[in-house]
Amino acid sequence: MALTADSSNILDAVTGYIDAGGYVMFPLVLVTLVLWYAIGARWVVLGRGSKKNVRVLLRKFEQGRAKPPNGIVDDAIVRGLAIRAAKPINLRRLLDEAFGDFESGIRGYRSLVTSMVAIAPLLGLLGTVSGMIETFESLGDMTLFSQTGGIAGGIATALFTTQMGLVIAVPGVIIKSLLDRRQSQIEHDLAQIKDLLTAPSANIADAKE
C-alpha cells in the first residue's frame, strides 16, 4: 500500500509539473521519449564486440581461438578474413565495399539524437517567452495569475519550460558526446582492420596479447 501511495504521489507531482509549464511541456515530453529511444538504439548499434585490440583479435580469429563474433569489430574481422582467404586481386576495394554497411550502420540515429538535443532547449525557450508575454500582458489588470502568486507566480510558471528543456538537453549532450567518441573509435578500428588485412601477415603475427 505504501509503495502504491508513493507511486501515486510521484505521478501527481509529474503531472502537476507538466501542467504548470503549459502547452509546450507536451512537445518536450515527446522530445524526451524520442531522444532516449534514439540514444538506446544508438547504444545498441555501436556495440563493438570484444574489448581486445584489433591486432590481437585478428590473430585469434586467424588461429581459430576467438569467441563467436559479437559486435561490429568482430563481424568485420570475420568478413575481412573471409574475403582475404579468396585471394582477390583488388582486396582493398573489396574490403571497402564489404565494410560499407558497418560504416553506415554506426552512424544510425546520430542525426536524430543531435536534432532532439538541439530542439529541447529551443522548445523550453519558446515556452518561457510565451509565458512571459502572458505575464506582462496581465500587468494591466493583475488578474491572470492572481490566484497563483501574482506576477511572480506567472514568471515562475513560464520558467518551468526552460528548466525542462535544459533537463532534457544536458544529459543528452553528455551521452551524445560519449556515443560519438565510441563511433570514432569503431571507425578507427575498421580502418585498422583493412590496413592490416592488406599488409603482410607478419604484422598481425607480431601482435601480443
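For the structure, check the block above.
Scoring rules and cut-offs
- Residues numbered from 1 in each chain as written.
- Predicted model: local features only at pLDDT ≥ 70, side-chain atom pairs only at ≥ 80, totals over all residues.
- Heavy atoms only, no water.
- Helix = DSSP H or I, 4+ residues; strand = E, 2+ residues; numbered from the N terminus.
- Buried < 20%, exposed > 50% of the residue type's maximum accessible area, 1.4 Å probe, protein only.
- Contact = heavy atoms within 4.5 Å.
- Axes fitted to C-alpha atoms, helices over the stretch in contact; angles between N-to-C directions.
- Parallel < 35°, antiparallel > 145°, perpendicular 65-115°, else oblique.
- Left-handed = near helix turned anticlockwise from the far one by under 90°.
- Phe/Tyr/Trp six-rings, centres within 6.5 Å; stacked < 30°, edge-to-face > 60°.
- Core = buried A, V, L, I, M, F, W, Y, C linked by side-chain atoms within 4.5 Å.
- Polar contact = N/O pair within 3.5 Å; in protein donor to acceptor, adjacent residues only side chain to side chain.
- Patch = residues over 30% accessible without salt bridge, like charges linked within 9 Å, V, L, I, M, F, W, Y side chains within 5 Å.
- Areas by Shrake-Rupley, 256 points an atom, 1.4 Å probe, with all protein chains shown as cover.
- Salt bridge = Lys/Arg side-chain N within 4 Å of Asp/Glu carboxyl O.

Engineer: Honestly, the overall build of the protein in this entry has me stumped. Any pointers?
Structural biologist: Per the secondary structure count, the protein includes nine helices and zero strands. Secondary structure elements of the protein, listed N to C terminal, follow the sequence α-α-α-α-α-α-α-α-α. Buried residues in the protein amount to 35% of all 209 residues. In the protein, 73% of the contacts between residues at least 6 apart in sequence involve partners at least 24 apart.

Engineer: What should I look at first to understand unusual backbone geometry in this one?
Structural biologist: Trans peptide bonds make up the majority, and among non-glycine residues the majority have a negative phi. You will see that Lys-87, though not glycine, has its phi angle at about 50 degrees, which is positive. The class for Lys-87 is exposed, based on a relative accessible area of 74%. Phi at Tyr-109 is positive, roughly 70 degrees, even though this residue is not glycine. Relative to the assigned elements, Tyr-109 resides in the loop between α6 (100-105) and α7 (110-137).

Engineer: Help me understand the packing of helix α4 (residues 72-85) against helix α5 (residues 91-98) in this model?
Structural biologist: Each pair of packed helices can be summarised by the angle the axes make with each other and by the distance between the axes. Running from N to C, α4 and α5 point in directions that differ by 150 degrees, and their axes come no closer than 10 Å. Here α4 lies roughly antiparallel to α5, going by the angle between them. Our pair here, α4 against α5, has a crossing hand that is right-handed. Listed contacts from α5 to Arg-79, Gly-80, Ile-83 and Arg-84 of α4 are Leu-91, Leu-94, Leu-95 and Ala-98.

Engineer: I keep staring at the packing of aromatic side chains and nothing clicks. Help me out?
Structural biologist: In this description, an aromatic ring pair is defined by two values, namely the gap between the centres and the angle between the planes. All told, the structure shown has two aromatic pairs when counted by the stated rule. Here the aromatic rings of Tyr-37 and Tyr-109 are separated by 6.1 Å at their centres, their planes lie at 80 degrees, and the arrangement is edge-to-face. Pair noted here: Tyr-37 is in helix α2 (residues 25-45) and Tyr-109 is in the loop between α6 and α7, with a separation of 72 residues, a long-range link. The exposure class of Tyr-37 is exposed, given its relative accessible area of 53%. For Tyr-109, a relative accessible area of 34% corresponds to the partly exposed category. With 5.9 Å between their ring centres and 75 degrees between their planes, Phe-99 and Phe-102 make a pair best called edge-to-face. Relative accessible area serves as the criterion here: at 0%, Phe-99 is assigned to the buried category. Phe-102 gets classed as buried once you look at its relative accessible area, which sits at 10%.

Engineer: Explain the nonpolar core here, please?
Structural biologist: For soluble globular proteins, nonpolar side chains are generally found buried alongside one another. In this structure, Ile-77, Phe-99, Leu-190 and Ile-193 are the most contacted members of the largest nonpolar core, which totals 39 residues. Listed by contribution, the elements that provide at least two residues to this core are α2, α3 (54-62), α4, α5, α7 and α8 (150-198). A total of 10 residues in this core trace back to one element, the largest contributor, which is α8. With residues up to four places along the chain from it excluded, the contact list for Leu-190 reads Ile-72, Ala-76, Phe-99, Phe-102 and Glu-103.

Engineer: Please clarify how α3 should be interpreted in this entry.
Structural biologist: It helps to recall that an α-helix has 3.6 residues per turn; residues three or four apart then point in one direction. Within α3, seven of the nine residues are buried, which leaves the element mostly enclosed by the surrounding structure. Within the span of α3, buried status applies to Val-54, Val-56, Leu-57, Leu-58, Arg-59, Lys-60 and Phe-61. For α3, the side-chain oxygen to backbone nitrogen distance between the N-cap and Arg-55 is 3.1 Å, and the N-cap itself is Asn-53. One or two residues past the end of α3 sits Gly-64, with phi positive at roughly 70 degrees.

Engineer: Just to check I follow, could you spell out the environment of Leu-196 for this structure?
Structural biologist: Relative to the helices and strands, Leu-196 resides in helix α8. With relative accessibility at 4%, the residue Leu-196 sits in the buried group.

Engineer: Sorry, what's going on with a nonpolar patch on the surface here?
Structural biologist: On the surface, Leu-166, Val-170, Ile-174 and Leu-178 cluster together into a nonpolar patch covering about 370 Å² of accessible area. Along the polypeptide, Ile-174 turns up in helix α8.

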